[in-house]
Protein chains: 2
Amino acid sequence: MNEAGDPKGSPVFLPETNMNRVAHFGVVRLSLAALLFVAGHALAQTDPLPSWNDGAAKKAIIDFVQATTTHGNAKFVPPAERVATFDQDGTLWVEHPMYSQILYCLDRVPALVKAKPELAKVEPFKTVMSGDREAIAKLPFKEIEKILVATLTGMPVDDFNAEARKWLAEARDPRWKRPYTELTYLPMQEVLKYLRGNGYKTYIVTGGGQDFVRVYAEQTYGIPPEQVVGSAAGTKYGYDKNGRPFLTKDPKLLLNNNDAGKPEGIHLMIGRRPYAAFGNSGGDQQMLEYTTAGDGARLAMLVLHDDAKREYAYGPAKGMRDTKVGAFSQKLYDEATKKGWTVISMKDDWQKIFAFE
Amino acid sequence: MNEAGDPKGSPVFLPETNMNRVAHFGVVRLSLAALLFVAGHALAQTDPLPSWNDGAAKKAIIDFVQATTTHGNAKFVPPAERVATFDQDGTLWVEHPMYSQILYCLDRVPALVKAKPELAKVEPFKTVMSGDREAIAKLPFKEIEKILVATLTGMPVDDFNAEARKWLAEARDPRWKRPYTELTYLPMQEVLKYLRGNGYKTYIVTGGGQDFVRVYAEQTYGIPPEQVVGSAAGTKYGYDKNGRPFLTKDPKLLLNNNDAGKPEGIHLMIGRRPYAAFGNSGGDQQMLEYTTAGDGARLAMLVLHDDAKREYAYGPAKGMRDTKVGAFSQKLYDEATKKGWTVISMKDDWQKIFAFE
């Protein structure tokens, strides 16, 4: 018997008649050892990351999972401690030309102005209402922030959830003409499933709004609300006119989940240091540092957007164009190399980028 | 066949020879339906809450679990949404004469004064150092707060965890002469296990410090750090002299997880409304309101400390003595009755209070 198994050799099949007898609790001549061998053989033949090209990135993921989940391995991690964290924008789904949540907020402005007509004459709402895309694109972040506060806070949590859900169902990305929730990276979806299949709890740790991401994370990534850590404002508890309690979204920011805010948010919301962390920009650096500062096997990966044809190319690492949205500096690139973090090249490492391709 | 099953009737046993054949994948004459009936019967005979006396409280828990986990029941709750929240002090373990975390902070004062001798002459540290128990007991909460800030913040997270772990191993409750972690209520431990066995995620939602409770929650209750929601200050990310990143506990309070802070904390940390909530004082009222404001079956329970002999008796509900620690007012008692929340009488509903009894 070939213990290693040859994926191209003859597959081992049970005679169908015996299989039927197993299913019907019939007389079974097959020993348990033989059954386990067949099961092991079948697993060895299944590639957990079929959308990845063979290379250092794919190998790093598989080596990490095998080392941390194999009993007896010095790097074995008990199931309860298996935590993997993922940035969202640019790591799990498309973030260019603009973060989806910002587009949501801009799209909410007309309804906001309708409810509060006095805003029509006030910046930055005036510019957004003008529809002048160039002028909107030039709004400084301080002005954008006013739009975020006005469209993301002040309403009951349930109303916000309903509005966000409606937008996500209706809005379309202008390039792919698809809902934003379809613009997730298939190779990363495979990593999420592969890690979960090996006992890892997968978390989103995003600079985006925690409540916004929670609206779709479960359906889009299989990540439940309690495993979404994001920038978070508080809520205020109160009662409606019938005495029914409800929560209102408060403008006060509790957690700015970017840069150093990521490890701080991880401590607040999870209370464990991750064993694996995935990001794609300078805002993820501290999360990767914090992850790899722990003992044992740690996996740190950064997605590099170097595929102008199938997605986008931006850096400024490797001489690609600079960007305000998800910048990956040459300094970060050099540091990743120095520290042994793995840079994922979308162009070279991903055979397929989207499920719909 | 008696479908309802009579736990005191003749038990249905399989002939042992047949059981052995099942175990050995041998010839099985028993039908699947018969097997399922036997399994169901065996389960019905196992009391999931053996430390509870029969009564309304025990029945409320079992009815809730059966309704929400039985496929086809109108009140069925999908597994992903099964969330149950538990206050800790006075609900899962003893809180009198004083919350364990306050005792920890008081016990830390000598080490603190040793490190910062100037504190010896400053209140409230001076009073604590005097050892005058009566004077310490009279310190107003504002002064106690200064002790909390000084002993719970300003140090690296890892140092705090190590100190808390050491104290928990060494400190003893003066009445029972046991570690505080042994003073958990056996009937509530049974509820935690019963709910988890039925697919519920169990959370602690405590006014106590999130980091402090996380140190022992996993070992003491089987509740992992990511399922502990507590009063939380932030942390600050930084680097030691070797460039290794670490988190320092910051004094700024992010979440005061009492009263209205409990539903606010639940939204922040879990993002789902609980189906079941357990508390014991006015600080839990909003959590129970928020829980029961949801659709379908909801379970709201309050532990009443009315057993002076086996534990403590305090209210001021039902004419028991008033207390600053875990007060259960007559108004809350009346409201619970009005709203259909179940009050658990420690005296009448609990056959046994501690595992060591």
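For the structure given in this document, a descriptive report is provided here. The structure presented is a predicted model; accordingly, all values stated were derived computationally and were not measured.

Conventions and cut-offs
Residues numbered from 1 in each chain as written. Chains lettered and ligands numbered in written order. Predicted model: local features only at pLDDT ≥ 70, side-chain atom pairs only at ≥ 80, totals over all residues. Heavy atoms only, no water. Pairing = 2+ DSSP bridges. Helix = DSSP H or I, 4+ residues; strand = E, 2+ residues; numbered from the N terminus. Axes fitted to C-alpha atoms, helices over the stretch in contact; angles between N-to-C directions. Contact = heavy atoms within 4.5 Å. Buried area = accessible area lost by both parts, 1.4 Å probe. Salt bridge = Lys/Arg side-chain N within 4 Å of Asp/Glu carboxyl O. Polar contact = N/O pair within 3.5 Å; in protein donor to acceptor, adjacent residues only side chain to side chain. Nonpolar A, V, L, I, M, F, W, Y, C, P; charged D, E, K, R; others polar. Expected span 1.5 Å × (residues − 1). Buried < 20%, exposed > 50% of the residue type's maximum accessible area, 1.4 Å probe, protein only. Least-squares fit on C-alpha atoms with pLDDT ≥ 70 in both. Phe/Tyr/Trp six-rings, centres within 6.5 Å; stacked < 30°, edge-to-face > 60°. Lys NZ or Arg CZ within 6 Å of the ring centre and 35° of its normal.

### Comments concerning the sheet that holds strand β5 (residues 276–279) of chain A
Sheet strands pair via backbone hydrogen bonds, and the direction of the pair is either parallel or antiparallel.
Residue and element names in this part refer to chain A.
Working step 1: Overall, mixed pairing links the seven strands, which are arranged β4-β3-β2-β1-β5-β6-β7 in an open sheet. Strands with a single pairing partner mark the edges of an open sheet, and in this sheet they are β4 (245–255) and β7 (342–345). Taken pair by pair, the neighbouring strands of this sheet meet at an average axis angle of 35 degrees, ignoring direction.
Working step 2: Of the pairings in the sheet, the one linking β5 to strand β6 (residues 299–304) comprises four bridges and is parallel in character. Within β6, the position partnered with Ala 276 by the bridge is Leu 299.
Working step 3: Its contacts with the sheet put helix α12 (residues 285–292) on β1 (83–86), β2 (201–209), β5 and β6, and the angle it makes with β5 is roughly 165 degrees.

### Overview of the interface of chain B and chain A
Working step 1: Each partner contributes to the interface: chain B provides 40 residues, whereas chain A provides 40 residues.
Working step 2: Both sides of the chain B and chain A interface together cover about 3,500 Å² of buried area, and 53% of this is carbon and sulfur.
Working step 3: Taken as a group, B:Glu226, B:Tyr237 and B:Leu268 account for 18% of the area that chain B buries against chain A, more than any other trio of residues on that side.
Working step 4: In this structure, the connection of chain B to chain A is made through six salt bridges.
Working step 5: Residues A:Arg272 and B:Glu226 are paired through a salt bridge, measuring 2.9 Å at the closest nitrogen-oxygen approach.
Working step 6: In this assembly, chain B and chain A are joined by 26 residue pairs in polar contact (both at pLDDT 80 or more).
Working step 7: Looking at the side of chain B that touches chain A, the elements that each hand over two or more residues are α8 (157–170), β2 (201–209), α10 (210–221), β3 (228–239), β4 (245–255), α11 (261–269) and α12 (285–292) of chain B.
Working step 8: Counted by class, the side of chain B that touches chain A contains 21 nonpolar, seven polar and 12 charged residues.

### Some details on the sheet that holds β2(B)
Residues and elements named next belong to chain B.
Working step 1: Pairing within the open sheet is mixed, and its seven strands lie in the order β4-β3-β2-β1-β5-β6-β7. In this open sheet, the two strands that pair with only one neighbour each are β4 and β7 (342–345). On average, each strand axis in the sheet is inclined to that of its neighbour by 35 degrees, with strand direction left out of account.
Working step 2: Contacting β1 (83–86), β2, β3 and β4, α11 runs over the sheet at an angle of about 130 degrees to β2.

### A closer look at helix α3 (residues 56–69) of chain B
Residue and element names in this part refer to chain B.
Working step 1: The terminal C-alpha atoms of α3 lie 20 Å apart, and with 14 residues this matches the ideal 20 Å at 1.5 Å per residue to within 8%.
Working step 2: Where burial is concerned, most of α3 is hidden: 10 out of the 14 residues are buried.
Working step 3: Among the residues of α3, those classed as buried are Ala 57, Lys 58, Ala 60, Ile 61, Ile 62, Phe 64, Val 65, Ala 67, Thr 68 and Thr 69.
Working step 4: Looking at the buried side of α3, the elements it contacts are α9 (186–197), β5 (276–279), β6 (299–304), β7 and α14 (346–349).

### Description of the relation of the copies chain B and chain A
Note that the two copies of the chain are related through a rotation about an axis and a translation along the same axis.
Working step 1: For the match of chain B to chain A, the screw axis carries a shift of 0.0 Å, the RMSD comes to 0.0 Å, and the turn is 180 degrees. One copy is carried onto the other by what is essentially a two-fold rotation axis.
Working step 2: A share of 100% of the interface residues of chain B reappears at the interface of chain A, consistent with the copies meeting face to face through the same patch.

### Some thoughts on the packing of aromatic side chains
Working step 1: Tallied over the entire structure, the rule returns 34 aromatic pairs over all chains.
Working step 2: Ring centres of B:Phe64 and B:Tyr200 lie 5.7 Å apart, and the angle between their planes is 40 degrees; on these two criteria the pair is classed as tilted. You can see B:Phe64 sitting in helix α3 and its partner B:Tyr200 sitting in the loop between α9 and β2, a full 136 residues away along the chain. A single burial state applies to B:Phe64 and to B:Tyr200, both of which are buried.
Working step 3: Here a set of aromatic residues connected by ring pairs shows up, and it is made of A:Trp52, A:Trp176, A:Tyr185, A:Tyr312, A:Trp350, A:Phe354 and A:Phe356.
Working step 4: Taking NZ or CZ as reference, B:Arg175 lies 4.9 Å from the ring centre of B:Tyr312, over its face.

Shape descriptors only; they carry no functional weight alone.
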